[in-house]
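Spelled out, the chains give:
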Amino acid sequence: MTKQCSAQDAVACIPDGAVMAVNSSSGLCCPDAVLEALGQRFEATGAPRDLTSIHPIAAGDFFGTKGVDHYARPGCLKRIIGGSYPSGPSKAEPPLIWQMIGANQVEAYNLPSGIIFDMLREGAGHRPGVLTKVGMETFVDPDLEGGAMNDAARAVPIVQRREFDGEDWLHFPALKPDIAIIRATTGDENGNLSFEGEGATLGAMEMALAAHNCGGRVIAQVRRVAKAGSLRPHDVHVPGILVDRVVEAPDMLQTTATSYDPAISGELIRPLDSFSLPEFGVGKIIARRVAQEMRRGWAVNIGFGVSANVPRIFLEEGQHGAVTWVIEQGAVGGVPLLDFKFGCASNAEAFVSSPHQFAYFQAGGFDCSLLSFLEIGADGSVNVSRLAATPHRTAGAGGFVDITARAKRIVFSGNFNAGAKMRVENGKLVIDREGKIAKIVPQVDQVSFSGRRAIAQGQQATYVTERCVIRLTDKGLVVTEIAPGVDLQRDVLDLVEVPLRVSDDLREMDGALFRPEPIGLAP
């Protein structure tokens, strides 16, 4: 008997008070047709009510995939646990989910993406939850904020500090979903799922297993339905024994703003000269300097922001393949994509599940991570997860806390301050108008990365800006390099309200960074 049904029939099984896990990363793998049907059901009938929605990575975006916004309605949504949330331009209308969070109409939590996947796996195994040091001394720690995003969540804390074997740990309870909503490319009549047209599998298997083992139901959205038994067993990533309903949605986007690109799903290898290269300017200078921190043979994680351009620097310099890029959505190798297609890679060498990728990150199994910053504190702590004035500009922490928990080396990158008008002339940085918003501050608004903990664990942290390079030491932040054309006192030290030390071996940044031609990168 076929498991195929309409989206409307599939969501009819979702009861009031259900705990629902959604597999998505912005538009990537987002089961948007099913989520739309859920929202339509609530608008028409007032049911289901009081849902808890779980999103290790955001469901939806600003570019054609509404995701969680389909059912972000008072009465329908009671609680949301997200690693990240839809984000976009500050001048855009905030998504409905952000409006609900700001109005305390939903209990909202921001927890590390990898930990949320772990919480689901604990639920699948009927275990009591996750004991981990990931998130300690960050906003996830109950000694700080406990991951709560508003007063409604602060009234119902879900993270605790526990002592085990003489050490302090963070305890995250197991998540036991009643419903899992996932997406694949092909589903056969028996519910077996293959992902040949997707840019990742994310946590589809883990979510399906958690819902099934907890007595719940699994709804799978697919591009096409195949005859039972027609899928190659090695191509099936979620077996039909875990899937209850299959919903066909032939027009679904492959990922954010992408109808279909076979290079994203590994079905085609793009020529390297087909990738765009960053134009010469301040952002490229920063990305070039970050690239100089890399070493041949490393496995390197990259995050959203300036550092996402570093693979393009390697392309331009003829060094593609010298390091292997790894991203939290699961791609290994290839060329990570930019802007709101970030999270996908063209020409990937492999796709692993996000939970496995996060286990790799949480234990520091990789060589280096390249990440952005919103603020840097006097103790080296970094805020990447909250902008109080325009919260929807940032997605939350995502996998940032998982990745930085034990990373051997971290290179943070960004502009020295916000709003400066700068140009490069004759190989020198010229600051025409200084920025008014400091990014190096006495105390960050939210601790996404703890500088104090990094020092205690022996982690190396470097902060690359257009005008200087700063390193974290046990004596504080130390300026080690200065850009040509920049006055150390006027353009750096006088603009911060924190004590910056200056290295006894202060050097000028490589002059080649400030000229348009390739820099001769040799990792």
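Notes on the structure in this doc start here. Here the structure is a predicted model, which is why all the values come from computation and not from measurement.

## Digging into the overall build of the protein chain
Part 1 of the argument: Regarding its fold elements, the protein chain presents 12 helices and 31 strands.
Part 2 of the argument: Computed over the C-alpha atoms, the radius of gyration of the protein chain is 23 Å, within 12% of the 24 Å expected from 2.2 N^0.38 for a compact globule of 523 residues.
Part 3 of the argument: Dimensions of the protein chain, computed from C-alpha atoms along their principal axes, come out at roughly 75 × 50 × 45 Å.
Part 4 of the argument: By the burial criterion, 58% of the 523 residues in the protein chain qualify as buried.
Part 5 of the argument: Restricting the contact set of the protein chain to residue pairs at least 6 apart, pairs at least 24 apart contribute 76%.
Part 6 of the argument: Counting every atom, the protein chain has about 20,300 Å² of accessible surface; 49% of that belongs to carbon and sulfur.
Part 7 of the argument: Side-chain charges of the protein chain comprise 50 positive and 61 negative groups, with the mean position of each set lying 1 Å from the other.

## Examining helix H9 (residues 354-362)
Part 1 of the argument: Turning to H9, its buried residues number three or more, namely Ser354, Pro355, Gln357, Phe358, Phe361 and Gln362. All buried residues of H9 project into a common sector of 155° when viewed along the axis, lining one side.
Part 2 of the argument: Residue Gly364 follows H9 closely and has a positive phi angle near 70°.

## Some thoughts on a nonpolar patch on the surface
Part 1 of the argument: A contiguous nonpolar surface patch, about 270 Å² in accessible area, is contributed by Phe63, Phe304 and Phe340.
Part 2 of the argument: Relative to the elements of secondary structure, Phe340 occurs in the loop between strand S16 (335-336) and strand S17 (345-346).

## Remarks on helix H7 (residues 282-291)
Part 1 of the argument: Counting buried residues along H7, nine of its 10 residues qualify, which places the element largely inside the surrounding structure.
Part 2 of the argument: The set of residues buried in H7 consists of Val282, Lys284, Ile285, Ile286, Ala287, Arg288, Arg289, Val290 and Ala291.

## Points about the packing of helix H4 (residues 113-124) against H9
Part 1 of the argument: Their axes nearest at 9 Å, the elements H4 and H9 cross at an angle of 120°. In terms of their interaxial angle, H4 and H9 are classed as oblique. Helix-helix and strand crossings are classified by hand; for H4 and H9 the assignment is left-handed. Listed contacts from H9 to Ser113, Gly114, Ile115, Phe117, Asp118 and Arg121 of H4 are Ser354, Pro355, His356, Phe358 and Gln362.
Part 2 of the argument: Split into classes, the residues belonging to the contact of H4 with H9 amount to four nonpolar, five polar and two charged.

## Remarks on the pairing of strand S22 (residues 409-413)
Part 1 of the argument: Within S22, four of the five residues are buried, leaving the element largely enclosed by the surrounding structure.
Part 2 of the argument: Bridge analysis of strand S19 (residues 368-372) against S22 gives four bridges, and the strand direction is parallel. In the strand pairing of S22, Leu370 is matched with Val411.
Part 3 of the argument: Across five bridges, S22 lies against strand S28 (residues 460-464) in parallel orientation. Bridging across to S28, Ser413 finds its partner in Val464.

## Comments concerning the nonpolar core
As a rule of thumb, nonpolar side chains are buried together in soluble globular proteins.
Part 1 of the argument: Counting residues in hydrophobic clusters, the biggest one holds 114 residues, and the most contacted among them are Leu111, Leu370, Phe412 and Tyr463.
Part 2 of the argument: Apart from residues lying up to four places away in sequence, Leu111 is in contact with Ile81, Gly82, Gly83, Ile116, Met119, Val140, Gly146, Gly147, Ile158, Val159, Phe172 and Gly398.
Part 3 of the argument: Counting residues in hydrophobic clusters, the runner-up holds 33 residues, among them Ala10, Met20, Cys30 and Leu51.

## Considerations on the environment of Pro15
Part 1 of the argument: Assignment of secondary structure puts Pro15 in the loop between helix H1 (7-11) and strand S1 (19-22).
Part 2 of the argument: In this structure Pro15 comes out as partly exposed when scored by relative accessible area, which is 41%.
Part 3 of the argument: Between the C-alpha atom of Pro15 and that of Asp141, which follows or precedes it by 126 residues, the distance is 33 Å.

## Section: the environment of His55
Part 1 of the argument: Assignment of secondary structure puts His55 in strand S2 (residues 51-55).
Part 2 of the argument: Using a relative accessible area of 2% as the deciding quantity, one classes His55 as buried.
Part 3 of the argument: As a C-alpha pair, His55 and Ile81 span 26 residues in sequence and 6.2 Å in three-dimensional space.
Part 4 of the argument: For His55, the contacting residues outside a window of four places in its chain are Val22, Val68, Tyr71, Ile80, Ile81, Gly82, Gly83, Ser84 and Ile116.
Part 5 of the argument: A distance of 2.7 Å separates the side chain of His55 from the side chain of Ser53, its partner in a polar contact.

## Comments concerning the sheet that holds strand S6 (residues 160-164)
Part 1 of the argument: Ordered in space as S5-S7-S6, the three strands form an open sheet in which the pairing is antiparallel. On the outer flanks of this sheet lie strand S5 (129-132) and S6, each paired with one strand and no other. Strand-to-strand twist in this sheet, taken as the mean axis angle between neighbours without regard to direction, amounts to 40°.
Part 2 of the argument: Here S5 pairs with strand S7 (residues 167-173) via four bridges, running antiparallel. Across the sheet, residue Thr132 finds its bridge partner in S7, namely Leu170.

## Side note on the pattern of salt bridges
Part 1 of the argument: Under the definition given, this model contains 28 salt bridges.
Part 2 of the argument: One salt bridge in this structure joins Glu122 and Arg127, with 3.0 Å as the shortest N-O distance.
Part 3 of the argument: Glu122 gets classed as buried once you look at its relative accessible area, which sits at 15%.
Part 4 of the argument: A salt bridge links Asp235 to Arg232; the shortest N-O distance between them is 3.0 Å.
Part 5 of the argument: A relative accessible area of 31% means that Asp235 is categorised as partly exposed.

## Considerations on the packing of aromatic side chains
Part 1 of the argument: Taken as a whole, this structure holds 11 aromatic pairs when the rule is applied.
Part 2 of the argument: With a centroid separation of 6.0 Å and 80° between ring planes, the pair formed by Phe358 and Phe361 is classed as edge-to-face. Taken together, the residues Phe358 and Phe361, both in helix H9 and three residues apart, mark about one turn of the helix. As far as the burial class goes, Phe358 and Phe361 line up, both buried.
Part 3 of the argument: For the ring pair Tyr360 and Phe361, a centre distance of 5.8 Å and an interplane angle of 35° mean the geometry is tilted.
Part 4 of the argument: With relative accessibility at 0%, the residue Phe361 sits in the buried group.
Part 5 of the argument: The rings of Phe117, Phe358, Tyr360, Phe361 and Phe366 are connected pair by pair, giving a single aromatic cluster.
Part 6 of the argument: In this structure, Lys133 is placed above the aromatic ring of Trp169, and the distance from its NZ or CZ to the ring centre is 4.4 Å.
Part 7 of the argument: Over the face of the ring belonging to Phe275 we find Arg270, whose NZ or CZ atom lies 3.8 Å from the ring centre.

Parameters and conventions
- Residues numbered from 1 in each chain as written.
- Predicted model: local features only at pLDDT ≥ 70, side-chain atom pairs only at ≥ 80, totals over all residues.
- Heavy atoms only, no water.
- Helix = DSSP H or I, 4+ residues; strand = E, 2+ residues; numbered from the N terminus.
- Rg over C-alpha atoms; globule rule 2.2 N^0.38 Å.
- Buried < 20%, exposed > 50% of the residue type's maximum accessible area, 1.4 Å probe, protein only.
- Contact = heavy atoms within 4.5 Å.
- Areas by Shrake-Rupley, 256 points an atom, 1.4 Å probe, with all protein chains shown as cover.
- Lys, Arg positive; Asp, Glu negative; His and termini not counted.
- Charge placed at Lys NZ, Arg CZ, Asp CG, Glu CD.
- Arc of directions from axis to C-beta.
- Patch = residues over 30% accessible without salt bridge, like charges linked within 9 Å, V, L, I, M, F, W, Y side chains within 5 Å.
- Salt bridge = Lys/Arg side-chain N within 4 Å of Asp/Glu carboxyl O.
- Axes fitted to C-alpha atoms, helices over the stretch in contact; angles between N-to-C directions.
- Parallel < 35°, antiparallel > 145°, perpendicular 65-115°, else oblique.
- Left-handed = near helix turned anticlockwise from the far one by under 90°.
- Nonpolar A, V, L, I, M, F, W, Y, C, P; charged D, E, K, R; others polar.
- Pairing = 2+ DSSP bridges.
- Core = buried A, V, L, I, M, F, W, Y, C linked by side-chain atoms within 4.5 Å.
- Polar contact = N/O pair within 3.5 Å; in protein donor to acceptor, adjacent residues only side chain to side chain.
- Phe/Tyr/Trp six-rings, centres within 6.5 Å; stacked < 30°, edge-to-face > 60°.
- Lys NZ or Arg CZ within 6 Å of the ring centre and 35° of its normal.

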